[in-house]
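Residue strings, one per chain:
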Amino acid sequence: MSEVIVVTSGKGGVGKTTTSANVGTGLAKEGKKVVLIDTDIGLRNLDVVMGLENRIVYNLVDVVEGNCRAKQAMIKDKKYPDLYLLPSAQTRDKTSVTPEQMQKLVEELREEFDYIILDCPAGIEQGFKNAIAGADRALIVTTPEVSAIRDADRIIGLLEANEVHKIDLVINRIRMDMVKRGDMLSSDDVLDILAIDLIGIVPDDENIVVSTNQGEPLVGTNNVAGQAFENICKRIMGNEVPFLELTGEGFFQRLARVFGR
Amino acid sequence: MGFFDNLLRRNRSADDAKDRLKLLLVSDRSNCSPETMELIKNDIIKVISKYMEIDAEGLDIQISQNNDEVDGPTLYANIPIREIKK
């Protein structure tokens, strides 16, 4: 049975594309057949985060306009043969695709893939409507900041109004040292406010920047963010995984944890 | 930022964030300003107080959109009762 997951947030820059890339890669790593669709027409980025920007021939708009078949536009990942990317178009705008066309495309892809991950653009306009049109469930990405949480709340309302009821929250870029001294909302605070199910907490980790620089998602690698994303993937698949013990830890604790794992 | 700074600094910015968000979301969710909510709250206190003694300080009203039973937003009122008037 296939599942269509939209990764959305409302606010830009909170980590939708990073989350999409890592969740897609992580699910492929677990042996699932996955296609990532970049629905941000005009501002495509998922190809860069995946390190596949040099292999693009056709794009999403070409597919919906019938210039090529979906198969021709999908780029196979460098590492995982069962992971594909359907890139967005860079020189068109959001109105080039309609929600009905997206829905049709997604239905077609369901036959071949276990997971279809839709990387949604920021905002609540056409691009958002396209991305959620065919979705079974949503991952809302937020950071522990007032603006991001406010937008997330708005998105939750819009998703529910559009009959997407399975909504899970990813709290991204949390800094436990700041939470500890009371200068950042904790995951409990955020959950208390948004009142949806939590599926992952991703700590602020320099390794994310490094992995984006290199165009290689870090899911599953030996660092906290990599672990956090791997756990999110397992939870998406329905496994119960305890949340990472995140601490504003010192050097020795960190060392102990790295070796103790 | 040492241990003693934490002790001395009582105003934690996360608390500010939480308070601001709660207010903000009430008006976002309901298209209803904090002032209107305050008016509703005061009227509720007035009406209920006719029949029972309530803890006006502990009264909490909010508009929520996460409700399985009802379509659309719901107004929740949590009103602690001190004593029911006879």
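Whatever comes next refers back to the structure up there.
Parameters and conventions
- Residues numbered from 1 in each chain as written.
- Chains lettered and ligands numbered in written order.
- Predicted model: local features only at pLDDT ≥ 70, side-chain atom pairs only at ≥ 80, totals over all residues.
- Heavy atoms only, no water.
- Helix = DSSP H or I, 4+ residues; strand = E, 2+ residues; numbered from the N terminus.
- Buried < 20%, exposed > 50% of the residue type's maximum accessible area, 1.4 Å probe, protein only.
- Areas by Shrake-Rupley, 256 points an atom, 1.4 Å probe, with all protein chains shown as cover.
- Contact = heavy atoms within 4.5 Å.
- Lys, Arg positive; Asp, Glu negative; His and termini not counted.
- Charge placed at Lys NZ, Arg CZ, Asp CG, Glu CD.
- Pairing = 2+ DSSP bridges.
- Core = buried A, V, L, I, M, F, W, Y, C linked by side-chain atoms within 4.5 Å.
- Buried area = accessible area lost by both parts, 1.4 Å probe.
- Salt bridge = Lys/Arg side-chain N within 4 Å of Asp/Glu carboxyl O.
- Polar contact = N/O pair within 3.5 Å; in protein donor to acceptor, adjacent residues only side chain to side chain.
- Nonpolar A, V, L, I, M, F, W, Y, C, P; charged D, E, K, R; others polar.
- Arc of directions from axis to C-beta.
- Axes fitted to C-alpha atoms, helices over the stretch in contact; angles between N-to-C directions.

Can you explain the overall build of chain B? Please cite residues and give values.
Counting its regular elements, chain B contains three helices and four strands. Listing every helix and strand of chain B by position from the N terminus yields α-α-α-β-β-β-β. Counting all 86 residues of chain B, 24% fall into the buried class. For chain B, the exposed surface amounts to about 6600 Å²; the carbon and sulfur share of it is 52%.

Break down the overall build of chain A for me, with residues and values.
Counting its regular elements, chain A contains twelve helices and eight strands. The proportion of buried residues among the 261 residues of chain A is 57%. Within chain A, contacts between residues separated by at least 24 positions form 74% of all contacts whose residues are at least 6 apart in sequence. Split by element, the accessible area of chain A, about 11400 Å² in all, is 47% carbon and sulfur. Where the 30 positive side-chain charges of chain A centre and where its 40 negative ones centre are 4 Å apart.

Just give me the short version of the pairing of strand β2 (residues 34-38) of chain A, but keep the residues and values in it.
All names here are of chain A. Of all five residues making up β2, five are buried, and the element is well covered by its neighbours. Judged by which residues are buried, β2 turns out to be covered on both faces: Val34, Leu36 and Asp38 on one side and Val35 and Ile37 on the other are all buried. Judged from the four bridges that link them, β2 and strand β4 (residues 83-86) form a sheet pairing that is parallel. Across the sheet, residue Leu36 finds its bridge partner in β4, namely Leu85. Examined bridge by bridge, β2 and strand β5 (residues 115-119) share five bridges and lie parallel to one another. Residue pairing in the sheet places Val35 in a bridge with Ile116 of β5.

How would you explain the nonpolar core if you had to name every residue and give the values?
Residue and element names in this part refer to chain A. Val35, Leu86, Leu109, Ile140, Leu159 and Leu194 are the most contacted members of the largest nonpolar core, which has 56 residues in total. Setting aside anything within four residues of it in sequence, one finds Leu159 in contact with Thr8, Phe128, Ile132, Ala138, Ile140, Val164 and Ile167. In this structure, Ile5, Leu36, Met50 and Ala148 belong to the second largest nonpolar core, which totals 35 residues.

So, the environment of B:Tyr76: which residues are in play, and what are the values?
Residues and elements named next belong to chain B. Counting through the fold element by element, Tyr76 comes out in strand β3 (residues 74-78). Residue classification places Tyr76 among the partly exposed positions, given a relative accessible area of 39%. Taking C-alpha positions, Tyr76 is 5.3 Å from Gln62, a pair spaced 14 residues apart along the chain.

Which residues make up the interface of chain B and chain A, and what values go with them?
Contact with chain B, which involves 17 residues of that partner, is made by 18 residues of chain A. In this assembly, chain B packs against chain A so that about 1600 Å² is buried in total across both faces, 52% of it on carbon and sulfur atoms. Our count for the chain B to chain A interface comes out at four salt bridges. Taking the shortest distance from any N to any O, the salt bridge between A:Asp153 and B:Arg29 comes out at 2.5 Å. Taken together, the links from chain B to chain A amount to eight residue pairs in polar contact (both at pLDDT 80 or more). With eleven residues, the top contributor of residues to the side of chain B that touches chain A is helix α2 (residues 13-30) of chain B. For the side of chain B that touches chain A, a count of residues per class yields six nonpolar, four polar and seven charged.

Residues and numbers for helix α9 (residues 187-194) of chain A, please.
Those residues of α9(A) lying buried are A:Ser187, A:Asp189, A:Val190, A:Ile193 and A:Leu194. The arc that holds every buried residue of α9(A), seen down its axis, measures 160°, which confines them to one face. The inward-facing, buried residues of α9(A) abut β6 (137-142), α7 (146-161), β7 (166-174) and β8 (197-203) of chain A together with α2 of chain B.

I'd like a rundown of the sheet that holds strand β3 (residues 75-76) of chain A, residues and numbers included.
Residue and element names in this part refer to chain A. The strand order across the open sheet built from eight strands is β3-β4-β2-β5-β1-β6-β7-β8, with neighbouring strands paired in mixed fashion. Every other strand in the sheet has two partners, leaving β3 and β8 as the edge strands with one partner each. Packing against the sheet, α7 makes contact with β1 (3-8), β6 and β7, and its axis sits at approximately 170° to β6. Against the sheet, α9 engages β6, β7 and β8, with an angle of about 145° to β7.

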